[in-house]
Amino acid sequence: MLGHGTVGSAFARLLPAHADRIEVITGIRPELAGVVTTSRGSFEELLAGSDLIVELMGGIDPARGYVMRAIESGRHVVTANKQLLSRYGEELWSAAREHGVQLRFEGAVAGVVPVIRVIQESLAGARIDRVHGIVNGTTNFILTEMARTGMKFEEALTEAQRLGYAEADPSEDVDGRDAAAKMAILARLAFDTPVHLDEVRYEGIEHIQPDDLEYAHDLGLELKLIGTAERIGEGLSVRVHPAFLYPGHPLAPVAGPFNAITVESEEFTEITMSGPGAGGPQTASAVLGDVISAMIPPASTPPTSQRLPIVEDVVSAFYLHLEVADEPGVLAAVARVLAEDGVSVKSVVQKGLGDQARLVMVLHPVLESQFAAAVRALAGLDVLRAPPRAIRVLEEEFG
Ligand SMILES: NC(=O)c1ccc[n+]([C@@H]2O[C@H](COP(=O)([O-])OP(=O)(O)OC[C@H]3O[C@@H](n4cnc5c(N)ncnc54)[C@H](OP(=O)(O)O)[C@@H]3O)[C@@H](O)[C@H]2O)c1
């Protein structure tokens, strides 16, 4: 492994934790043969003792030379280095083809969101017309905070740095260069044509004012830093700039440090993938996925490592709708019956309907068996005028 920073150290922890499972899947037990950083390890020694090189040092030099040397020595390479691929991808991919090795890079775009694999493999049979992406989590976090709180750009950036979503030097993120590198890679894959970082026009978010977001809100619009790669006539355009989105757009609800990519094609209309776009453990898991893929021939049958038991009783939140007699103490009686089975109420709306009342509530997550017991108990209350109606609520809030 080259580099032992945010992603590298997470990868070094992840590999032994998954080694047993990987051995079952691939028949080979992966081991970290060595690490090279600025202060330790020798690249040539590492290369001599490795079957596969994981490059997580970033930057162009010496990463470019090391990756090329590894490929020429017949080693598979896994990297998350978008700067390297957006500038020197062609020479590296062509060397990998020539030497019959894999050069995999899922972690280079949108962290753990599997957009590279989907475009390269799952959608290989479709003609892609356009890719839209929120591919920089730092700027998406800043824009989300500015819209949510009315903060200025500088304040939201400081907040992003405090929470670890922005680096000490955030310039590549906020000026759009980081997103441009990722869009160059996506465009290259989507349209099967070389695209160099220098061919991507980019604009950042430094000039966005709080009132831009205020007016957008009044108009029902969301502001995002959007990367676009699209076919235009016989050519293509790859660019990054802030853009307003209407609420129905699949990228409009993507908030905080999340990334999302929408792939459009006349053949399948649109596919959107979203998830954490960065972070050590998240990116390391994408890198490990690439390592496993490089260790096995393309999967023809899904491997089984162990049989997991099916869990029947799961935790859910519920919406509960009750028609009850409109008399004093009913709400308290209902709450008491629920509490006896450990079910607590998150919110409630009560509506009078003549001599009847309607209680509509959302309950906190609880084991479904507990909820079922509470509903059976409620059904026995003589104030109930109709069988209880329940629908599950997905409680998770993303972003
Ligand atoms: N961080 C993320 O969330 C994320 C997400 C997606 C992709 N990536 C990509 O993953 C790669 C690694 O990012 P990171 O955040 O883990 O970087 P990082 O924390 O800065 O770590 C870089 C590592 O590489 C080593 N290194 C740097 N220059 C070197 C050189 N000339 N010779 C030998 N070792 C060198 C450093 O050595 P020292 O330990 O001696 O300083 C350090 O261990 C980059 O390509 C980045 O774009 C990162």
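It should be noted that the structure appears before, not after, this text.
Being a predicted model, the structure only gives us computed values, none of them experimental.

Student: Explanation requested: the environment of Val113 in the structure shown.
Tutor: Relative to the helices and strands, Val113 is located in the loop between strand E3 (103-104) and helix H5 (115-122). Taking the C-alpha atoms as reference points, Val113 and Thr283, 170 residues apart in sequence, are found 9.0 Å from one another. Sequence-distant contacts of Val113, that is, excluding residues within four places in its chain, are made with Glu106, Asn259, Met273, Ser274, Gly275 and Pro276.

Student: Explain the sheet that holds E3 to me, please; I cannot follow it from the model alone.
Tutor: Note: strands within a sheet are paired through backbone hydrogen bonds, in either parallel or antiparallel orientation. In spatial order, the strands read E1-E2-E3; together these three strands make up an open sheet with parallel pairing. One side of each edge strand has no neighbouring strand; the edge strands of this open sheet are strand E1 (52-55) and E3. Judged from the two bridges that link them, strand E2 (residues 76-79) and E3 form a sheet pairing that is parallel. Residue pairing across strands places Val78 opposite Arg104, the latter belonging to E3.

Student: How should the layout of surface pockets be read in this particular structure?
Tutor: Gaps left between atoms are located by rolling a probe of water-molecule size over the structure's atoms. When its volume is computed, the largest pocket comes out at roughly 1,200 Å³. As for the largest pocket, its lining consists of 39 residues, and the residues nearest its centre are Val7, Lys82, Glu167, Ala278 and Gly279. Breaking the lining of the largest pocket down by element, the ones donating at least two residues are helix H1 (6-26), helix H4 (82-99), helix H6 (137-149), helix H8 (171-174), helix H9 (177-191), strand E8 (258-265) and helix H11 (280-295). Of all the elements, H11 adds the most residues to the lining of the largest pocket, at three residues.

Student: How should I be thinking about the site of the ligand in this particular structure?
Tutor: Within the structure, the ligand sits among 19 residues, and His4, Thr6, Val7, Thr38 and Gly279 are positioned closest to it. Measuring from an oxygen atom of the ligand, one finds a backbone N or O atom of Gly5 at 3.3 Å. Interatomic distance of 2.3 Å between a side-chain N/O atom of Thr38 and an oxygen atom of the ligand. In isolation the ligand exposes 910 Å². Once the protein is present, 70% of that is buried. Comparing atom positions with the cavity grids shows the ligand to sit within the largest pocket. Its residues placed into classes, the shell around the ligand shows six nonpolar, twelve polar and one charged.

Student: Is there a simple way to think about the pairing of strand E9 (residues 269-276) in this case?
Tutor: Looking along a regular strand, one sees side chains alternate from face to face of the sheet. Taken together, the eight bridges between E8 and E9 define a ladder with antiparallel strand orientation. From the neighbouring strand, Ala260 faces E9, where its bridge partner is Ser274.

Student: Would you explain a negative patch on the surface in this entry?
Tutor: Side chains of Asp326, Glu327, Asp355 and Asp382 sit close together on the surface and give a patch of like negative charge. Counting through the fold element by element, Asp326 comes out in the loop between strand E10 (315-325) and helix H12 (330-340).

Student: Got a minute to help me understand the packing of aromatic side chains in this structure?
Tutor: Any aromatic ring pair is given by two values, namely how distant the centres are and how the planes are angled relative to each other. Under the criterion given, the structure shown has four aromatic pairs. Seen in terms of ring centroids, Trp93 and Phe105 are 5.4 Å apart; in terms of plane orientation they differ by 55°. Their pairing is tilted. With Trp93 in helix H4 and Phe105 in the loop between E3 and H5, this residue pair connects regions lying twelve residues apart in the sequence. Both residues of the pair, Trp93 and Phe105, count as buried. The ring of Tyr88 carries Arg64 above its face, with NZ or CZ at 3.8 Å from the centroid.

Student: Honestly, the pattern of salt bridges in this entry has me stumped. Any pointers?
Tutor: Two side chains with opposite charge may pair up if their charged atoms get near one another. For the coordinates displayed, the defined rule picks out 21 salt bridges. The salt bridge involving Arg162 is made with Glu159; its shortest N-O contact spans 3.0 Å. One end of the pair is Arg162 and the other is Glu159, both in helix H7 (residues 153-162) and three residues apart, which spans about a single turn. By relative accessible area, which is 60% here, Arg162 ends up exposed. In the salt-bridge network here, residues are joined through shared partners; they are Arg104, Glu106, Arg117, Glu121 and Asp290.

Student: Before we go on, may I ask you to explain the packing of H12 against helix H13 (residues 368-379) in this structure?
Tutor: The packing of two helices is summarised by the inter-axis angle and the distance between the axes. Contact geometry of H12 with H13 gives a least axis separation of 8 Å together with a crossing angle of 145°. The element H12 and its partner H13 pack so that their crossing is right-handed. The segment H12 lies against H13, with Val334, Val337 and Leu338 engaging Ala374, Ala377 and Leu378. Taken together, the residues of the contact of H12 with H13 sort by class into six nonpolar, no polar and no charged.

Student: Honestly, H9 in this entry has me stumped. Any pointers?
Tutor: Note that an α-helix has 3.6 residues per turn; residues three or four places apart therefore point the same way. Taking 1.5 Å of rise per residue, the 15 residues of H9 would be expected to cover 21 Å, and the 21 Å separating its terminal C-alpha atoms lies within 8% of that figure. A positive phi of about 50° marks Asp192, the residue just after H9.

Student: When you look at the pairing of strand E11 (residues 345-353) in this model, what are you seeing that I'm missing?
Tutor: Relative to strand E12 (residues 356-367), E11 is paired through eight bridges, and the arrangement is antiparallel. Bridge pairing links Leu353 to Gln356 in E12. Where E11 hands over to E12, the hairpin turn is made up of two residues, of which Gly354 adopts a positive phi near 70°.

Parameters and conventions
- Residues numbered from 1 in each chain as written.
- Predicted model: local features only at pLDDT ≥ 70, side-chain atom pairs only at ≥ 80, totals over all residues.
- Heavy atoms only, no water.
- Helix = DSSP H or I, 4+ residues; strand = E, 2+ residues; numbered from the N terminus.
- Contact = heavy atoms within 4.5 Å.
- Pairing = 2+ DSSP bridges.
- 1 Å grid on protein atoms, 1.4 Å probe; cavity = no way out; pocket = protein on both sides within 12 Å on 5 of 7 lines; lining within 4 Å.
- Points joined across faces, edges and corners; volume = space filled by probe spheres on them.
- Near = heavy atom within 4 Å.
- Polar contact = N/O pair within 3.5 Å; in protein donor to acceptor, adjacent residues only side chain to side chain.
- Areas by Shrake-Rupley, 256 points an atom, 1.4 Å probe, with all protein chains shown as cover.
- Sits in = over half its atoms within 2 Å of the grid points.
- Nonpolar A, V, L, I, M, F, W, Y, C, P; charged D, E, K, R; others polar.
- Patch = residues over 30% accessible without salt bridge, like charges linked within 9 Å, V, L, I, M, F, W, Y side chains within 5 Å.
- Salt bridge = Lys/Arg side-chain N within 4 Å of Asp/Glu carboxyl O.
- Lys, Arg positive; Asp, Glu negative; His and termini not counted.
- Charge placed at Lys NZ, Arg CZ, Asp CG, Glu CD.
- Phe/Tyr/Trp six-rings, centres within 6.5 Å; stacked < 30°, edge-to-face > 60°.
- Buried < 20%, exposed > 50% of the residue type's maximum accessible area, 1.4 Å probe, protein only.
- Lys NZ or Arg CZ within 6 Å of the ring centre and 35° of its normal.
- Axes fitted to C-alpha atoms, helices over the stretch in contact; angles between N-to-C directions.
- Left-handed = near helix turned anticlockwise from the far one by under 90°.
- Expected span 1.5 Å × (residues − 1).

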